[in-house]
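# Structural overview for review
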Amino acid sequence: RGGRFIFSYLDFEVPSHWTIFERSLHDQRPERTLNKFLSKPAIVRWSEELDLNVERLIDGDQRWINLTEDFHYADGRAASGVVEFGQSIALLVKGE
């Protein structure tokens with residue numbers, strides 16, 4: 001049977017994700033978020049082992065989401081038009 005596996009991830013190749021990595025290194029709180037990073041080659045290898053096809057990999061800073069309404073981020077920045085997701089997105093597909 002077919003299906004889709006969609007997930008978000010942090011990628012060292014995306015400049016805005018590097019700052020998340022650096023903050024993670026310095027955050028020693030026990031309740032901190034444990035960020036994990038993946039690379040595109042690792043996702044491709046993973047998909048091969050799982051017999052999935054990589055349909056699309058979208059960098060976290062790539063604008064691809066068409067908003068139907070404007071909004072404000074928690075930090076006050078306005079968002080309108082076409083925006084990025086922030087985290088990178090992988091879309092893997094299992095054949096029928």
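None of these values were measured; they are calculated from a predicted model.

With that settled, consider the packing of aromatic side chains. With the rule as written, the count across this model stands at 10 aromatic pairs. Summarising the aromatic geometry, the rings of Trp18 and Phe21 are spaced 5.0 Å apart at their centres and angled 45° between planes, so their arrangement reads as tilted. Of this pair, Trp18 and Phe21 both sit in helix α1 (residues 15–26), three residues apart, roughly one helical turn. Classification of Trp18 as partly exposed rests on a relative accessible area of 38%. Take Phe21: its relative accessible area is 23%, and that puts it in the partly exposed class.

As a further point, take the environment of Ile58. Counting through the fold element by element, Ile58 comes out in strand β2 (residues 53–58). On the accessibility criterion, Ile58 (5% relative accessible area) is buried. Separated by 21 residues in sequence, Ile58 and Ala79 have C-alpha atoms that sit 19 Å apart. Setting aside chain neighbours within four positions, we find Ile58 in contact with Trp64, Ser88 and Ile89.

With that settled, the discussion passes to the side chain of Asp11. Within the fold, Asp11 resides in the loop between β1 (3–9) and α1. Among the residues examined, Asp11 registers a relative accessible area of 1% and is labelled buried. Of the polar contacts made by the side chain of Asp11, one reaches the backbone nitrogen of Glu13; its length is 2.9 Å. Excluding its chain neighbours within four sequence positions, the residues that come into contact with Asp11 are His17, Phe37, Leu38, Ser39, Lys40, Asp59 and Ser88.

Rules of the game
- Starting from 1, residues in each chain are numbered consecutively following that chain's sequence as written.
- Per-residue local features of the predicted model are confined to residues with pLDDT of at least 70, and side-chain atom pairs are confined, for both listing and counting, to 80 or more; whole-chain, interface and lining totals are unaffected and use all residues.
- To obtain the side-chain values, all non-hydrogen atoms of the structure were used and water was disregarded.
- Here a pair means two rings of Phe, Tyr or Trp (six-membered ring of Trp) with centres within 6.5 Å. Their orientation is stacked below 30 degrees between planes, edge-to-face above 60, and tilted elsewhere.
- Runs of H or I in DSSP of at least four residues are treated as helices and runs of E of at least two as strands, each being numbered from the N terminus.
- Throughout, exposure labels follow a simple rule: accessible area from a 1.4 Å probe, protein chains only, divided by the maximum for the residue type, with under 20% read as buried, over 50% as exposed, and the rest as partly exposed.
- Residue contacts are defined here by distance: any two heavy atoms, one from each residue, within 4.5 Å place the two residues in contact.
- Counted as a polar contact is a pair of N or O atoms within 3.5 Å, where, for protein atoms, one must be capable of donating a hydrogen and the other of accepting one, and residues adjacent in sequence contribute only when both atoms are in side chains.

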